[in-house]
Amino acid sequence: MSRFTARFTSTFEDKDDSGDENKTVFADESVPVFPCYNLYPRSSKLSVSGNSARLKSINLNDNNDIEEDTLPIRRIGARKRDNPFKKYQVPDEIVDVIFSNLRKRDLLSAMQVCQQFYAVGHVSRNWTITDVMERPITELTLITLMKRKIRILRLAGAKPDPISRVNVRMFASCMLGTSRIECLDLSRANLTVRQLLILLKPCRKLQCLSVEGNVLDDQVASCISDNKNLRELDISMTRGISINGARMISQKCNNLEQLNASWCGLSEPILRVIIDNITDKLRKLNLSGSIREDGLNDELVDAFSSKADNITDLDLSDNGQLGDAVVATIMARFPKLTHLSLNRCYAMDPNIIVHLNIKPSLIFLNVHGCITENNMKLFLQMCDRLKCNTQLFNFTAKPTSNNAPFIWGHNMLEY
């Protein structure tokens, strides 16, 4: 450190009796004006003349006046802390994929981290999925759900309140509204017709729908027919369907790829209306369990076999009127058929069913109840190319299979 020398006159008032007013502040002229105090020990004090009490009172090592909460002064050139989200920018698309695996309560916590997380979480796909499975609901609950921007809604096994109702004005406003729902699961909900109208009337964009076990009168059928982009429809075990309702659904829903109309009491006239309007877009069909002595027969199967060349999965189980002619029709038609179920069709001869082993496209064959236990071993030997009786249930147009947490491929684990 460079050293500077100077002469100072006595500028401070000396209050000591033994001092002289003309004495200099520093006794030695070679003492630097600004000495480096770090060279001295912490306990030592600067050597000054005894005539300056004011300078004696100065203690450069005393930091008592500094508050404990005072932040230290940052050194010049000190390294600043970088925000990792700005330094290593993560695309919003990746953040959205990560957020899609979170539950809603966890997503709310993540949105409080930063502005980017809030912006991505606000438009996350999690808010478009709602699961009200097996929960008590009222008409007011249904109207509130329909006003939200929901795309996938599950009400399977819900417990509706048939007594509490909304007023006429609120009900009418719901009938005039629109909804964004694309996948709606109402299986086993046992809703009233009024509650079904609240859910189905505003829908125009449905692609997958299940009304299993509910009422399917003409009003409900009319609401279903307004969804022209419907691809999968499950009306199994419904009640109240009429010829007019079947005609509205089959004529307007021309884009159906999967149809499950099992065990809903379809008579021959209703089945004829459905079969007459089948298109080549249909891939999977379930017509099991029609009315005895007035349901599906050999003539109807032959009628729609010429128009269903693209069918890969066909279930005709529990139809007592089907005979050996159906096996011949299946052998000659349905070139893309891979799954066939003829369970409990007792009018078919097992010796005729064996010929299905030579159908090239067929892979899975279910004939539960058609073959006795004594002849089952021989039957399996003759149908060695096929996988026989490996499937107990048919999942055509069903929202879920094997109790999986998905409906039509959408994850419902949100709570």
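Shown above is the structure to which this text applies.
Fair warning: this is a prediction, and the values are worked out from it, not measured in the lab.

Novice: Any chance you could explain empty space enclosed by the protein here in plain terms?
Specialist: To find leftover empty space, one rolls a probe the size of a water molecule over the atoms. Counted according to the given criterion, the structure contains 1 cavity of 30 Å³ or more. Estimates place the volume of the largest cavity at around 190 Å³. Every residue lining the largest cavity is counted, 15 residues in all, and those nearest its centre are Ile 249, Ser 250, Leu 256, Leu 259 and Ile 274. Top element by residues in the lining of the largest cavity is helix α10 (residues 243-252). It accounts for 3 residues. When its residues are assigned to classes, the lining of the largest cavity shows 11 nonpolar, 4 polar and no charged.

Novice: I tried to follow the environment of Met 237 on my own but got confused; where do I start?
Specialist: Along the chain, Met 237 falls in the loop between β7 (232-234) and α10. A relative accessible area of 45% means that Met 237 is categorised as partly exposed. For Met 237 and Ser 262, which are 25 residues apart along the polypeptide, the C-alpha to C-alpha distance reads 6.4 Å. The contacts of Met 237, once residues within four sequence positions are left out, are Glu 212, Gly 213, Ser 262, Trp 263 and Cys 264.

Novice: Whenever I open this one, the sheet that holds strand β13 (residues 387-388) confuses me. Can you help?
Specialist: Hydrogen bonds between backbone atoms are what pair the strands of a sheet, whose relative direction is either parallel or antiparallel. An order of β1-β3-β5-β6-β7-β8-β9-β10-β11-β12-β13 is seen for the 11 strands of this open sheet, with the pairing classed as parallel. Both outer strands of the open sheet, β1 (129-131) and β13, are each paired with one neighbouring strand and no more.

Novice: Help me out: how do you make sense of the packing of aromatic side chains in this one?
Specialist: One pair of aromatic rings is described through two measures. These are the centre distance and the angle between the planes. Evaluated as defined, the whole model comprises 2 aromatic pairs. For the ring pair Phe 99 and Phe 117, a centre distance of 5.4 Å and an interplane angle of 85 degrees mean the geometry is edge-to-face. Remark: Phe 117 occurs in helix α5 (residues 115-122) and Phe 99 occurs in helix α3 (residues 92-99); sequence separation between them is 18 residues. Sitting above the plane of the Phe 171 ring, Arg 194 keeps its charged end 4.2 Å from the centroid.

Novice: In this structure, what is going on with the pattern of salt bridges? I would like to understand it.
Specialist: Two side chains with opposite charge may pair up if their charged atoms get near one another. By the definition in use, this model includes 7 salt bridges. Of the charged contacts, one joins Glu 212 and Lys 398 as a salt bridge, the two residues approaching to 3.0 Å between their closest N and O atoms. Of this pair, Glu 212 sits in the loop between β6 (208-210) and α9 (218-225) while Lys 398 is found in the loop between β13 and β14 (406-407), placing the two residues 186 residues apart along the sequence. Take Glu 212: its relative accessible area is 11%, and that puts it in the buried class. Here Lys 398 and Asp 234 are joined by a salt bridge, their closest N and O atoms 3.1 Å apart. Within this pair, whereas Lys 398 is found in the loop between β13 and β14, its partner Asp 234 is found in strand β7, the two being separated by 164 residues in sequence.

Novice: Just checking my understanding: could you explain the nonpolar core for this structure?
Specialist: It is characteristic of soluble globular proteins that their nonpolar side chains tend to be buried jointly. Within the largest apolar cluster, 85 residues are counted, with the highest numbers of intra-cluster contacts made by Phe 304 and Phe 379. Here the element with the most residues in this core is helix α8 (residues 193-200); it accounts for 5 residues. Sequence-distant contacts of Phe 304, that is, excluding residues within four places in its chain, are made with Ile 275, Ile 278, Leu 285, Ile 311, Leu 314 and Phe 334.

Novice: So what exactly am I meant to see when it comes to the layout of surface pockets here?
Specialist: Reported here for the largest pocket is a volume of approximately 910 Å³. Of all the secondary-structure elements, those providing two or more residues to the lining of the largest pocket are β8 (258-260), β9 (284-286), β10 (313-315) and β11 (339-341). Here the lining of the largest pocket is composed, by residue class, of 12 nonpolar, 20 polar and 10 charged.

Novice: In this structure, what is going on with the packing of α10 against helix α11 (residues 268-276)? I would like to understand it.
Specialist: Packed helices, taken two at a time, are described by the angle between their axes plus the distance between the axes. In the contact formed by α10 and α11, the axes pass within 9 Å of each other and the chain directions differ by 15 degrees. One element, α10, and the other, α11, form an angle in the roughly parallel class. Judged by the sense of rotation from one axis to the other, the crossing of α10 with α11 is right-handed. Taken together, the residues of α11 that come into contact with α10 (itself represented by Ile 243, Ala 246, Arg 247 and Ser 250) are Pro 269, Ile 270, Val 273 and Ile 274. The class makeup of the residues in the contact of α10 with α11 is 6 nonpolar, 1 polar and 1 charged.

Novice: How do you make sense of unusual backbone geometry when you look at a structure like this?
Specialist: Keep in mind that most residues, glycine aside, have a negative phi and that most peptide bonds are trans. We note that Glu 293 has phi near 65 degrees; this positive angle belongs to a residue other than glycine. Following the sequence through the fold, Glu 293 ends up in the loop between β9 and α12 (298-305). The phi dihedral of Asp 318 falls on the positive side, at around 55 degrees, and the residue is not glycine. Structurally, Asp 318 is set in the loop between β10 and α13 (324-332).

Novice: Would you mind showing me how to read the state of the cysteines here?
Specialist: In a disulfide, the sulfur atoms of two cysteines are covalently bonded to one another. Applying the stated criterion to the full structure yields 0 disulfides. Considering cysteine sulfurs only, Cys 370 is the nearest to Cys 345, which forms no disulfide, with 5.5 Å between them.

Novice: Sorry, what's going on with a nonpolar patch on the surface here?
Specialist: Together, Val 90, Ile 94 and Ile 98 make up a nonpolar patch on the protein surface, roughly 240 Å² of accessible area in all. Within the secondary structure, Ile 94 is located in helix α3.

Novice: Is there a simple way to explain the packing of helix α7 (residues 168-175) against α8 in this structure?
Specialist: Viewed as axis vectors pointing N to C, α7 and α8 meet at an angle of 45 degrees, and their least axial separation amounts to 8 Å. With respect to α8, the axis of α7 lies oblique. The hand of the α7/α8 crossing is left-handed. Contacts between α7 and α8 involve Phe 171, Cys 174 and Met 175 on the former and, on the latter, Arg 194, Leu 197 and Ile 198. For the contact of α7 with α8, the residue count by class is 5 nonpolar, no polar and 1 charged.

Procedures and definitions
- Residues numbered from 1 in each chain as written.
- Predicted model: local features only at pLDDT ≥ 70, side-chain atom pairs only at ≥ 80, totals over all residues.
- Heavy atoms only, no water.
- 1 Å grid on protein atoms, 1.4 Å probe; cavity = no way out; pocket = protein on both sides within 12 Å on 5 of 7 lines; lining within 4 Å.
- Points joined across faces, edges and corners; volume = space filled by probe spheres on them.
- Helix = DSSP H or I, 4+ residues; strand = E, 2+ residues; numbered from the N terminus.
- Nonpolar A, V, L, I, M, F, W, Y, C, P; charged D, E, K, R; others polar.
- Buried < 20%, exposed > 50% of the residue type's maximum accessible area, 1.4 Å probe, protein only.
- Contact = heavy atoms within 4.5 Å.
- Pairing = 2+ DSSP bridges.
- Phe/Tyr/Trp six-rings, centres within 6.5 Å; stacked < 30°, edge-to-face > 60°.
- Lys NZ or Arg CZ within 6 Å of the ring centre and 35° of its normal.
- Salt bridge = Lys/Arg side-chain N within 4 Å of Asp/Glu carboxyl O.
- Core = buried A, V, L, I, M, F, W, Y, C linked by side-chain atoms within 4.5 Å.
- Axes fitted to C-alpha atoms, helices over the stretch in contact; angles between N-to-C directions.
- Parallel < 35°, antiparallel > 145°, perpendicular 65-115°, else oblique.
- Left-handed = near helix turned anticlockwise from the far one by under 90°.
- Disulfide = S-S within 2.5 Å.
- Patch = residues over 30% accessible without salt bridge, like charges linked within 9 Å, V, L, I, M, F, W, Y side chains within 5 Å.
- Areas by Shrake-Rupley, 256 points an atom, 1.4 Å probe, with all protein chains shown as cover.

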